[in-house]
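For reference, the chains in residue letters:
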Amino acid sequence: MKLARIGLGAVTAGALVLGCNLSSSPEVVRIDGIQIAPARLSLLPFQAAGLTIDVITSRGGADPTSSLQWSTTGGTITNNGTSAGLLHVTYTSPAQPGNYLFIVTTVTHTPADTAKIAVTITPVPVNAVTVTPGTVSLVLGDTTSLSATLTDSTGSVLVGRAITWSSSDPTVATVLATGFVRAVGAGTATITATSEGHSGTAAVTVKLGP
């Protein structure tokens, strides 16, 4: 199967693009590892999902993400830039169902990492919900945001599903439909995210002061 090598912007799979986005800095940064998250996805045709690429280096210096190159066996990739030390990209699945790869490496082809994407016509059922972080300690008046990750029976991440958030004690912590939590009273509360009958929780402790 033909790979599409992708630099900046979005490129449709099947069109080989030569010329990598190389750093113009003379400083050489050794890349010790590359990690794509999530490593597995289950999507519908033309569905988009965000991924992050973590580049592990031996030392600081020039931007290591500028030495990356990537390819996909199907679908398109949009480069959304670097934030908080991570390269953010959006993968959009192709029309044809099947199993696809998103591969990230360097100009020397090592190290490398691969994300596996399964594209199905019908939605795969949610099998588990994980809320992160799992425990939160807040001071009265503080706010934080929780996130829920949905996975199928194979551990592949699912996106675009409805999630319902609830608090076991709204007098301690309230939660919005986005997972945004506000500490309103001293005590403990369990924040629950539910999707398709499966739930994940986070324990929130609220104190009156530091």
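Throughout this document, residue positions are counted from 1 along each chain, in the order its sequence is written. Where local features are concerned, this predicted model is filtered to residues with pLDDT of at least 70; where side-chain atom pairs are given and counted, the filter is 80 or more; whole-chain, interface and lining totals use all residues. Note that the side-chain values use all heavy atoms of the structure and ignore hydrogens as well as water.

S.K.: Looking at this model, I keep getting lost on the overall build of the protein. Mind explaining?
M.R.: Counting its regular elements, the protein contains 0 helices and 20 strands. The cut-offs for exposure are 20% and 50% of the maximum accessible area for each residue type, with area from a 1.4 Å probe on protein chains only; residues under the lower value are buried, those over the upper are exposed, and the others partly exposed. When each of the 210 residues of the protein is scored for burial, the buried share is 37%. Any pair of residues with heavy atoms lying within 4.5 Å of one another is described as a contacting pair. Within the protein, counting contacts between residues at least 6 apart in sequence, those at least 24 apart form 60% of the total. Accessible area for the protein stands at about 10,400 Å²; split by element, carbon and sulfur atoms hold 56% of it. Secondary structure elements follow DSSP: runs of H or I of four or more residues count as helices, runs of E of two or more count as strands, with numbering from the N terminus. Values of accessible area rely on a 1.4 Å probe in the Shrake-Rupley scheme; residue burial ignores everything except the protein chains shown.

S.K.: In this structure, what is going on with the side chain of Gln47? I would like to understand it.
M.R.: With respect to the helices, strands and loops of the structure, Gln47 is situated in the loop between strand E4 (40–43) and strand E5 (48–57). Classification of Gln47 by relative accessible area gives buried; the value is 15%. Polar contact is defined as a pair of N or O atoms within 3.5 Å, subject to the rule that within protein one atom must be able to donate a hydrogen and the other to accept it, and that residues adjacent in sequence are counted only when both atoms are side-chain atoms. Polar side-chain contacts of Gln47 include one of 3.1 Å to the backbone oxygen of Val159. In this structure, Gln47 is in contact with Ser42, Tyr91, Thr92, Ser93, Val159 and Gly160, ignoring residues within four places of it in sequence.

S.K.: Whenever I open this one, the side chain of Thr73 confuses me. Can you help?
M.R.: In this fold, Thr73 is placed in the loop between strand E6 (68–72) and strand E7 (76–83). Of the polar contacts made by the side chain of Thr73, one reaches the backbone nitrogen of Leu101; its length is 2.8 Å.

S.K.: Would you take a moment to explain the sheet that holds strand E20 (residues 198–207) for this structure?
M.R.: Paired strands are those between which DSSP finds at least two bridges. Strands sit in the order E12-E20-E19-E16 across an open sheet of 4 strands; the sheet is mixed. Taken across any chain shown, the strands that pair with only one partner, and hence form the sheet edges, are strand E12 (135–139) and strand E16 (164–167). This sheet shows a mean twist of 25° between the axes of neighbouring strands, independent of strand direction. Where strand E19 (residues 187–195) and E20 come together, 9 bridges link them in antiparallel fashion. Residue pairing for E20: Ile191 is matched across the bridge by Ala202. To obtain each axis, a line is fitted to C-alpha atoms, and for helices this fit is confined to the stretch in contact; angles are then taken between N-to-C directions over 0 to 180 degrees.

S.K.: Is there a simple way to explain the environment of His109 in this structure?
M.R.: Looking at where His109 falls in the secondary structure, it is placed in the loop between strand E9 (98–106) and strand E10 (112–119). Residues His109 and Gln69 lie 40 residues apart in sequence; the distance between their C-alpha atoms is 8.7 Å.

S.K.: Looking at this model, I keep getting lost on the sheet that holds strand E18 (residues 180–183). Mind explaining?
M.R.: Strand pairs in the sheet, formed through backbone hydrogen bonds, run parallel or antiparallel to each other. In spatial order, the strands read E13-E18-E17; together these 3 strands make up an open sheet with antiparallel pairing. Each having just a single partner strand, strand E13 (143–145) and strand E17 (173–175) make up the two edges of the open sheet. On average, each strand axis in the sheet is tilted by 20° relative to the strand beside it, whichever way the strands run. Pairing of E13 with E18 involves 3 bridges; the strand directions are antiparallel. Each residue of the ladder has a partner; that of Thr143, found in E18, is Arg182.

S.K.: Is there a simple way to think about the confidence of the model for the protein in this case?
M.R.: Close inspection of predicted coordinates is inappropriate for parts of the model with low pLDDT. Confidence of the prediction at every residue is given by pLDDT, a number between 0 and 100. Put simply, the protein has an average pLDDT of 86, and 83% of its residues get 70 or more. pLDDT under 50 marks residues 1–26. Its contacts with residues more than four places away, or in other chains, come to 58 contacts.

S.K.: Got a minute to help me understand the nonpolar core in this structure?
M.R.: As a rule of thumb, nonpolar side chains are buried together in soluble globular proteins. Core analysis: the largest hydrophobic core is formed by 22 residues, its most contacted members being Leu51, Ile53, Leu68, Phe102 and Val104. Per element, the largest residue contribution to this core is 4 residues, and it comes from E5. Counting 20 residues, the second largest nonpolar core, distinct from the first, contains Val126, Val129, Val131 and Leu146. What is meant by a nonpolar core is a set of buried Ala, Val, Leu, Ile, Met, Phe, Trp, Tyr and Cys residues, joined one to another through side-chain atoms within 4.5 Å.

S.K.: Sorry, what's going on with the pairing of E9 here?
M.R.: Direction of pairing for E6 relative to E9: antiparallel, over a ladder of 5 bridges. Bridge pairing in E9 places Trp70 opposite Val104. Here 8 bridges tie E9 to E10, and the two strands are oriented antiparallel to one another. Note that in E10 the partner of Ile103 across the bridge is Thr114. Joining the antiparallel neighbours E9 and E10 is a turn of 5 residues, in which His109 adopts a positive phi near 70°.

S.K.: Hey, could you run me through the environment of Thr78 in this one?
M.R.: Here Thr78 lies in strand E7. Measuring from C-alpha to C-alpha, the distance between Thr78 and Thr90 comes to 5.1 Å, with 12 residues separating the pair along the chain.

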